[in-house]
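Structure assessment
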Amino acid sequence: MTKLSVLDLSPVPEGSGVSQSLANTLDLARHAEALGYERYWLAEHHNMPGIASAATAVVIGHVAAGTKTIRVGAGGIMLPNHSPLVIAEQFGTLSALFPGRIDLGLGRAPGTDMATARALRRNLEAGVDGFPNDVVELMSYFRPAQPTQHVRAVPGEGEDVKVWILGSSTYGAQLAAILGLPYAFASHFAPAEMESAINIYRTQFQPSEHLASPRLMLGLNVVAAETDAEAKLLFSSLQQAFVNLRSGRPGKLPPPVEGYFETLDAMAKTMLTQALSCAIVGGPETVRRGLEAFIRRTGADELMVTAQIFDHAARKRSFEILAGVHGEMAKAA
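Every value quoted in this text rests on a predicted model; they were computed, and no experiment measured them.

Each value, and the rule that gives it
- Residues numbered from 1 in each chain as written.
- Predicted model: local features only at pLDDT ≥ 70, side-chain atom pairs only at ≥ 80, totals over all residues.
- Heavy atoms only, no water.
- Buried < 20%, exposed > 50% of the residue type's maximum accessible area, 1.4 Å probe, protein only.
- Helix = DSSP H or I, 4+ residues; strand = E, 2+ residues; numbered from the N terminus.
- Pairing = 2+ DSSP bridges.
- Contact = heavy atoms within 4.5 Å.
- Polar contact = N/O pair within 3.5 Å; in protein donor to acceptor, adjacent residues only side chain to side chain.
- Expected span 1.5 Å × (residues − 1).
- Arc of directions from axis to C-beta.
- Salt bridge = Lys/Arg side-chain N within 4 Å of Asp/Glu carboxyl O.

Here we look at the pairing of strand β8 (residues 279–282)
- What you see with β8 is a clean split: Ile 280 and Gly 282 sit on the buried side and Ala 279 and Val 281 on the side with no burial.
- Sheet topology note: the strand β7 (residues 216–224)/β8 ladder contains four bridges and is parallel. Note that in β8 the partner of Val 223 across the bridge is Val 281.

Written out as structure tokens, the structure reads:
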């Protein structure tokens, strides 16, 4: 049965602040752990008022310290923003603190605008083209140190950090296949090349010391509620946030608006329909049908579910409904 995990952007709703968002993140992580979700990932974004997980490794430590069994990790760390050694030390430390529970998803985008990327003070000349070399260098720091090795990650060397390649195009699929690593595709916001990326990853995969066969995770928006109408209303917060972001007006997560989609012009409707095509929105039965169809279509090993819902209690309830539906599907299978 396809496993379920959680992707949390630690949303900051309008009228709220970062402290409350980070408290909500830990509360949701504990809830997800109790519901049986496989892993809980945080994402690196910068200069975005509506996302509180910019210092991703710090938030991962916060979540891992407040939970007991669920895997915790990055979905992902945007490696062009950092030196591989620093990330090896950060995640080596996390692994030493929380053995066997830390994942490291790596992406090649900056996770922000170019002005902010410059402010992060990495070498922009190398850019994304150096990503494969950075990945290989980073992974080398997790190996046991050699006697002649001059640069070591301490903590880091010998730590069991599970590395994933993330992507929203076929580039990441090719790299994950060549390196024999698990692959997570960002279909929850960039679904256009999903099927091509899946095909490339599966057909070009080369077994490695890390993985014997392909392991595919797909991002999926799921907003579940008691009824289809209620879920549609909750979903309007993400729709508004997307329109605001694509219009150059990123902000905090807006409250839901009844009939929001219907108020948009044709261009905005088309953008949302395309960008959020991998979304399941509805009551339990609608969610079940959508989940079955998406799994049947993709054959994903795991779904990384995200839900940008304004009200924290409604967000927890959404993951609860999804877990219940998934459990019923597992029993039937």
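Topic: the environment of Tyr 201
- Within the secondary structure layout, Tyr 201 lies in helix α7 (residues 194–204).
- The exposure class of Tyr 201 is buried, given its relative accessible area of 0%.
- In this structure, the C-alpha to C-alpha distance between Tyr 201 and Gly 180, residues 21 residues apart in sequence, is 9.5 Å.
- Apart from the residues within four sequence positions on either side, Tyr 201 is in contact with Ala 173, Ala 176, Ala 177, Leu 181, Pro 182, Tyr 183, Leu 211, Pro 214, Arg 215 and Leu 216.
- One polar contact links the side chain of Tyr 201 to the main-chain amide nitrogen of Arg 215, over a distance of 3.0 Å.

Some remarks on unusual backbone geometry
- With an omega of 5°, the peptide bond running from Gly 75 to Gly 76 counts as cis.
- By secondary structure assignment, the location of Gly 76 is in strand β3 (residues 71–78).
- Phi is positive for Ser 10, which is not a glycine, with a value near 50°.
- By the secondary structure assignment, Ser 10 is in the loop between β1 (3–8) and α1 (18–35).
- For Ser 10, a relative accessible area of 0% translates into the label buried.

Points about the environment of Phe 310
- Relative to the helices and strands, Phe 310 is located in the loop between β9 (302–306) and α11 (312–332).
- Sequence separation between Phe 310 and Pro 255 is 55 residues, and the spatial gap between their C-alpha atoms is 5.6 Å.
- Not counting the four nearest positions on each side in its chain, Phe 310 is found in contact with Pro 13, Glu 14, Ser 237, Leu 253, Pro 254, Pro 255 and Pro 256.

A look at helix α6 (residues 170–179)
- Among the residues of α6, Thr 170, Gly 172, Ala 173, Leu 175, Ala 176 and Ala 177 are the ones counted as buried.
- Considering only its buried residues, α6 is in contact with α5 (131–140), β5 (162–167), β6 (183–185) and α7.
- In this structure Ser 169 caps α6, since a side-chain oxygen of it lies 3.3 Å from the backbone nitrogen of Tyr 171.
- A positive backbone phi angle near 65° is found at Gly 180, which sits one or two residues after α6.

Here we look at helix α10 (residues 284–298)
- Under the 1.5 Å per step criterion, the end-to-end length of α10 is 21 Å for 15 residues, consistent within 8% with the ideal 21 Å.
- What α10 keeps buried is the set Thr 286, Val 287, Leu 291, Phe 294, Ile 295 and Thr 298. The arc that holds the buried residues of α10, viewed along the axis, is 150°, so those residues lie on one side.
- Where α10 is buried, its residues meet α7, β7, α8 (228–246), β8, β9 and α11.
- The first or second residue beyond α10 is Gly 299, which carries a positive phi of 65°.

Re the environment of Ala 186
- Positionally, Ala 186 belongs in the loop between β6 and α7.
- Given the relative accessible area of 11%, Ala 186 is considered buried.
- Taking the C-alpha atoms as reference, Ala 186 lies 28 Å from Arg 143; in sequence the two are 43 residues apart.
- Those residues in contact with Ala 186, other than ones at most four positions away along the chain, are Gly 167, Ser 168 and Pro 191.

Some thoughts on the pattern of salt bridges
- The final tally for this structure, using the stated rule, is 17 salt bridges.
- For Glu 320, the salt bridge goes to Arg 317, with nearest N and O atoms at 3.0 Å. Of this pair, Glu 320 and Arg 317 both sit in helix α11, three residues apart, which is roughly one turn of the helix.
- Taking the relative accessible area as the measure of exposure, Glu 320 reaches 32% and is therefore partly exposed.

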